[in-house]
Every structure is written in C-alpha cells, then in structure tokens.
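Observations on chain architecture
For reference, the chains in residue letters:
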Amino acid sequence: MAVLAPPSGPGVLSVRNLVTVYPGRDGEVVAVDDVSFELSPGEVLGIVGDSGSGKTTLARSLLGLVSTPGRIIGGEIKLHGRDLLKLSHKEMRKVRGREIGMIFQNPIRSFHPGFTIGWQLVEAATQHANISRREATEKVVEALTWVGMPEPAERINDYPHQFSGGMLQRVMIAMSLLNEPAVLIADEPTTALDVTIQAQILELIERLAVDRGMGVVLVTHNLGMVASLCDRVIVMYAGQIVEEAPVETVFHTPAHPYTRGLLDSQPDRSTGKRLTELRGASPQMTELPSGCRFQNRCDYVEEKCTEPPALADLSHGQKVRCWISQRHGLLPTRLADSDHRDRAESTGLSGK
Ligand SMILES: Nc1ncnc2c1ncn2[C@@H]1O[C@H](COP(=O)(O)OP(=O)(O)O)[C@@H](O)[C@H]1O
Ligand SMILES: [Mg+2]
C-alpha cells in the first residue's frame, strides 16, 4: 500500500477492522463489517457501492456521528496515531471541525436557519481557535473568497435560505477550511446539485487535497466523479470492502465481479448506452447468504463461493474479496472484454 500512496508521507487516517451495527427487530444489521483502510495526506479516496452497502454508516463512523440506534462495536480509527474510538463525546466534538471536516448531501441541513451564515462560521472559527471575533470574521471572509463566493463581506449577513444549494455547499467547504482539518469526509456532496455546479464543487474538493494537502474520503455512487477526482477507490458491497485499488486499476482491470458489473452498467458517455445491467439486487442485510455475499448475482460463481472469501492482495495495491480473482490473479476474460477496453477509453482513463 505504502508504495502506491502519494509520496506525501505516512497515513493520516488509519482504520482497522471497523464494525458498525444497527440493532433491529429482524436481527442486527452489520452495516460496516470489518473495514480497514489507510488515507494519506493529499489523497482522495473514493468509496463506491450500491445504496445500502454501508457507505454513509462508514463516513459517519469516522466522524463519531452514527445515527441511533447504530453503534460502533469494534475496530480502531486512528487519526495521526490517536484512536478516536477511545475519546469521550466531548473530545470527539473537538476533533470534528478542527481535525476532521465534513460535507454532506444536503448542505441546508447543516446550518441553523435562524442565524446568519457569517455568525455560524465565526462561531465555528472561534470555537476551536483562540482568536477575536474580528479576526475570525476576516478569516471567514477569506475562506468564502477562496471557495468563490461573490461579495463575501456582504453575504455573511444573509441567512441560509437566501443561498442556493451550490452556494451553501461552498459555505460548507469554507467552514471546513477555517480550521484546516487534516481530513475531509464528503458523503455524496454533489448529489443534490445541478450538473454544472457539481463540477465546481468537485474542483474545490480537489483543490483542498492538492493545494492544501487534506486527505479526502469521498463517498459517491458516481463513477465519473471517481475517475476524475480519486486516487484510490474502495468498493463496498453489503457492508464489506470487496475491492480496493488505485483508480486506474479499478477502471482497467476490475478484479471483483461486482466492480466489473458496476462499471459495465454505467451509461457510456458518448452513446448513453449501457453495456449490461447488473442482474438481481443486493441481499437483505438481515439475511446474508453464507459465503460470498455477491454469489447469487455473479457470472463467475462456483462451488467454492459458498465459503466466505477474505479480502486478499493481488498485486500493485489491488485487493479483492473473490475466490476466482484470487486464484487467477485477476478476473478471467469473458466475451465482453473488448467492450471492456472501450469502456476504459470512454472514461478517459485508457493509456494513463
Ligand atoms: N438509522 C438507521 N437505523 C437502522 N438501520 C440503518 C440506519 N441507517 C442505515 N441503516 C442500515 O444500514 C445499512 C447501510 O446503510 P447506509 O450506510 O446508509 O448505506 P449507503 O450509504 O451505502 O446507502 C442499510 O442496510 C441500512 O438499512
Ligand atoms: Mg449513503
């Protein structure tokens, strides 16, 4: 792994064997099941997967914000070597905002409707740093300028509802800038926004990583976004990591049949056509099959797949939870493989 991480130093965030569960009447849902990964400074790590695969639960676990009745029952989340799971609620509140920033899908929900944007940002800036409100206001205006807000010194007097969704997402990014956190967690940050605005927000997120060295965890179901922004990708399925690899590897030689299915079911950028649809649906989290969780949807399924595969290293930083790929060192060729090359070309990743 270290070989492939950007040459910016050791991991800032290190997650080991994280398990987060929701108790329920039909049984316990293990929404995050033994998840481990590293994040380097300046790296954008994409988390992709179907709806219900545990992406949001993972993102919220990192922030100590799992929704009730969920709770983390095992593992470690180390930020600069300190295990966040050992902190009190009060200590964790300090970590959020100061050391780990966050942006979510609906920015309007992250603000109080009754206070001006300026007041809320100044509050955030003074909470974690020993500065006057005047200094904080200057900092806020500077951050709003950085995210491209026109006339920031005037607009700090406006209330959240007076901003568009895209503008509010910029304000969220400005807020996460105030304390220069080492890590930013972004859960579907552009899903609620227009396409043109999406691109602008993504560019800002990229600049946070590239210009300011933040490690970014970007949860998205948009593979185009992954291709353009991420350095590395984690693919989740039914609570587990099923594949992890550098972004080019994932697009060129996906090793998990689910990853391949996901890529093939993306509409082609030029023709709008999908190569194939993934058949079937994700399993109910309370009724998981024993063995590989993808087996009932898999084109490669064999007898061995009734045993649970571990996440194992292939090569070049690629990891996969699949018996077949592990045996062959990759996913065997199929008829559709020429299509597969076309896809790499259409995502603009070929030849990289
Ligand atoms: N507040 C909650 N209470 C109970 N179960 C939940 C809650 N939030 C999520 N889950 C369950 O956890 C699993 C993962 O959900 P989630 O993390 O939201 O996935 P994703 O973000 O990938 O769509 C799903 O099975 C979902 O039903
Ligand atoms: Mg989600």
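Criteria and thresholds
- Residues numbered from 1 in each chain as written.
- Chains lettered and ligands numbered in written order.
- Predicted model: local features only at pLDDT ≥ 70, side-chain atom pairs only at ≥ 80, totals over all residues.
- Heavy atoms only, no water.
- Salt bridge = Lys/Arg side-chain N within 4 Å of Asp/Glu carboxyl O.
- Helix = DSSP H or I, 4+ residues; strand = E, 2+ residues; numbered from the N terminus.
- Buried < 20%, exposed > 50% of the residue type's maximum accessible area, 1.4 Å probe, protein only.
- Expected span 1.5 Å × (residues − 1).
- Contact = heavy atoms within 4.5 Å.
- Domains from an automatic or database assignment.
- Buried area = accessible area lost by both parts, 1.4 Å probe.
- Polar contact = N/O pair within 3.5 Å; in protein donor to acceptor, adjacent residues only side chain to side chain.
- Near = heavy atom within 4 Å.
- Areas by Shrake-Rupley, 256 points an atom, 1.4 Å probe, with all protein chains shown as cover.
- Pairing = 2+ DSSP bridges.
- Phe/Tyr/Trp six-rings, centres within 6.5 Å; stacked < 30°, edge-to-face > 60°.
- Lys NZ or Arg CZ within 6 Å of the ring centre and 35° of its normal.

Some thoughts on the pattern of salt bridges
Scanning the entire structure with this criterion turns up 15 salt bridges. Here Glu43 makes a salt bridge to Arg232, at a shortest N to O gap of 2.6 Å. Within this pair, whereas Glu43 is found in the loop between β2 (29–39) and β3 (44–49), its partner Arg232 is found in strand β9 (residues 232–237), the two being separated by 189 residues in sequence. Here Arg232 falls in the buried class, since its relative accessible area comes to 4%. We note a salt bridge from Arg212 to Glu180, for which the minimum N-O separation is 2.4 Å. Of this pair, Arg212 sits in the loop between α7 (195–210) and β8 (215–219) while Glu180 is found in the loop between α6 (165–178) and β7 (183–187), placing the two residues 32 residues apart along the sequence. Under the relative-accessibility criterion, Arg212 is labelled partly exposed at 31%. The structure contains a network of salt bridges with shared partners spanning Glu43, Arg232 and Glu244.

Points about helix α3 (residues 117–128)
In this model, α3 (12 residues) spans 18 Å end to end at C-alpha, consistent with the 16 Å of a helix rising 1.5 Å per residue. Among all positions of α3, only Ile117, Gly118, Gln120, Leu121, Val122, Ala124, Ala125 and His128 are buried. Each element contacted by the buried residues of α3 is listed here: α2 (89–98), α4 (133–146) and α6.

Quick notes on the domain arrangement of the chain
It is common to report an interface's size as the accessible area lost on association of the parts. Assigned domains of the chain: these are domain 1 (13–236) and domain 2 (254–278 + 286–346). Using only C-alpha atoms to locate each centre, domain 1 and domain 2 end up separated by 30 Å. Listed per partner, the contact involves 11 residues of domain 1 and 8 residues of domain 2. Each partner contributes to the roughly 770 Å² buried at the junction of domain 1 and domain 2, and carbon and sulfur atoms together form 54% of this total. In this structure, the connection of domain 1 to domain 2 is made through 2 salt bridges. Where Asp33 meets Arg293, a salt bridge forms, and the shortest distance between an N and an O atom there is 2.8 Å. For the pair domain 1 and domain 2, the number of links is 2 residue pairs in polar contact (both at pLDDT 80 or more). Those elements that place two or more of their residues in the side of domain 1 that touches domain 2 are β2, β3 and β9.

Structural notes on the site of ligand 1
Around ligand 1 there are 15 residues in total, and Gly52, Gly54, Lys55, Thr56 and Thr57 lie nearest to it. Within the side chain of Thr56, one N or O atom sits 2.9 Å away from an oxygen atom of ligand 1. Against a free-state accessible area of 550 Å², the protein chains account for coverage of 67% of ligand 1. Those elements that place two or more of their residues in the shell around ligand 1 are β2 and α1 (55–62). Here the element with the most residues in the shell around ligand 1 is α1; it accounts for 3 residues.

Focus on unusual backbone geometry
The residue after Thr68, namely Pro69, is reached through a cis peptide bond having omega 5°. Locating Pro69 in the fold gives a position in the loop between α1 and β4 (71–79). One non-glycine residue, Asn17, lies in the positive phi region at around 50°. Phi at His80 is positive, roughly 50°, even though this residue is not glycine. Considering the arrangement of structural elements, one finds His80 in the loop between β4 and β5 (82–83). Residue class for His80 comes out exposed when judged on its relative accessible area of 56%.

Details of the pairing of β2
The pairing of strand β1 (residues 13–22) with β2 spans 8 bridges and is antiparallel. When the sheet's bridge partners are listed, Tyr22 is paired in β2 with Val29.

Let's talk about the side chain of Arg293
Examined against the element boundaries, Arg293 turns out to sit in the loop between α10 (257–264) and β11 (312–313). You can call Arg293 buried: its relative accessible area is 14%. One polar contact links Arg293 to Asp33, side chain to side chain, over a distance of 2.8 Å. Side-chain polar atoms of Arg293 contact the backbone oxygen of Ala238, separated by 2.8 Å. In contact with Arg293, other than residues within four places in its own chain, are Asp33, Tyr237, Ala238, Gln240, Pro283 and Leu288.

Focus on the pairing of β3
The buried fraction of β3 amounts to 6 of the 6 residues, a majority that puts the element mostly inside the structure. Of the two faces of β3, the one carrying Val44, Gly46 and Val48 and the one carrying Leu45, Ile47 and Gly49 are both buried. Of the pairings in the sheet, the one linking β3 to β9 comprises 5 bridges and is parallel in character. Bridge assignment links Gly46 to a residue of β9, and that residue is Val233.

Quick look at the packing of aromatic side chains
Under the defined criterion, the tally for this structure stands at 4 aromatic pairs. Their ring planes at 55° and their centres at 4.7 Å tell us that Tyr237 and Tyr258 sit as a pair that is tilted. Linking Tyr237 in strand β9 with Tyr258 in helix α10, this pair joins segments that are 21 residues apart in sequence. Neither Tyr237 nor Tyr258 differs from the other in exposure class; each is buried. A network of ring pairs unites the aromatic residues Tyr237, Tyr258 and Phe294 as a single cluster. Positioned over the ring face of Phe104 is Arg60, at 5.3 Å from the centre of the ring. Across the ring face of Trp323, the terminal group of Lys304 is positioned such that the distance to the ring centre comes to 4.4 Å.

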